[in-house]
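Notes for the structure review
Now for the letters of each chain:
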Amino acid sequence: MPLTRIVKMVFKTESIPQFKLLFESKKQSIRTFPGCEHLELWQDTHDTRIFFTYSRWADDTSLEAYRKSSFFLETWQTTKQLFEGKPEAWTLKAVS
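Residues numbered from 1 in each chain as written. Predicted model: local features only at pLDDT ≥ 70, side-chain atom pairs only at ≥ 80, totals over all residues. Heavy atoms only, no water.

Quick notes on the packing of aromatic side chains
A full pass over the atoms with the stated rule returns 13 aromatic pairs. Ring centres of F19 and F23 lie 6.3 Å apart, and the angle between their planes is 45 degrees; this geometry places the pair in the tilted category. Remark: F23 and F19 occur in helix α1 (residues 16–31); sequence separation between them is four residues, near one turn of the helix. Residues F19 and F23 agree in their burial class; the two are buried. The rings of F11, F19, F23, F33, F51, W57, Y66, F71, F72, W76 and F83 are connected pair by pair, giving a single aromatic cluster. (Phe/Tyr/Trp six-rings, centres within 6.5 Å; stacked < 30°, edge-to-face > 60°. Helix = DSSP H or I, 4+ residues; strand = E, 2+ residues; numbered from the N terminus. Buried < 20%, exposed > 50% of the residue type's maximum accessible area, 1.4 Å probe, protein only.)

Take a look at the structure:
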């Protein structure tokens, strides 16, 4: 069953340019990871420190394989250093 993954991240203001560059350099690899069907980066219109990744995955197995991959672990380690707040994540499925 397809899943949607939304991750909310709050960055230090001075880290936003670095995060945008990091995302730009990694987005194609995420989009072509087996099971990833879609990926977008969103930024809050009122608090520009808040970003969301919105992705769709073929199934839970694909999402978990990505989350356990060395690519993700290395990317997440770099990204975490730029946070101001604790990230939040939701994995969602359509019910109708």
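With respect to the side chain of S62
Tracing the sequence through the fold places S62 in helix α2 (residues 60–67). When residues no more than four places from it in sequence are discounted, the contact partners of S62 are F33, P34, G35 and W57. (Contact = heavy atoms within 4.5 Å.)

Some details on the packing of α1 against helix α3 (residues 70–80)
At a closest axis distance of 11 Å, the pairing of α1 and α3 adopts a crossing angle of 170 degrees. In terms of orientation, α1 lies roughly antiparallel with respect to α3. For the pair α1 and α3, the contacting residues are F19, L22, K26, S29 and I30 in the first and F71, T75, T78 and T79 in the second. Tallied by class, residues from the contact of α1 with α3 come to four nonpolar, four polar and one charged. (Axes fitted to C-alpha atoms, helices over the stretch in contact; angles between N-to-C directions. Parallel < 35°, antiparallel > 145°, perpendicular 65-115°, else oblique. Nonpolar A, V, L, I, M, F, W, Y, C, P; charged D, E, K, R; others polar.)

Focus: the pairing of strand β2 (residues 36–43)
In regular strands, side chains alternate between the two faces of the sheet. Note: β2 against strand β3 (residues 50–57), seven bridges, orientation antiparallel. Pairing of Q43 across the sheet is with F51, part of β3. Counted between consecutive antiparallel strands, the loop separating β2 from β3 contains six residues. (Pairing = 2+ DSSP bridges.)

Some words on the sheet that holds β2
Read across the open sheet, the four strands follow the order β2-β3-β1-β4; overall the sheet is antiparallel. The outermost strands of the open sheet, each flanked by one partner alone, are β2 and β4 (88–92). Across the sheet, the mean angle from the axis of one strand to that of its neighbour is 15 degrees, orientation sign disregarded. Those strands touched by α1 are β1 (3–10), β2 and β3, and its axis lies near 170 degrees from that of β2.

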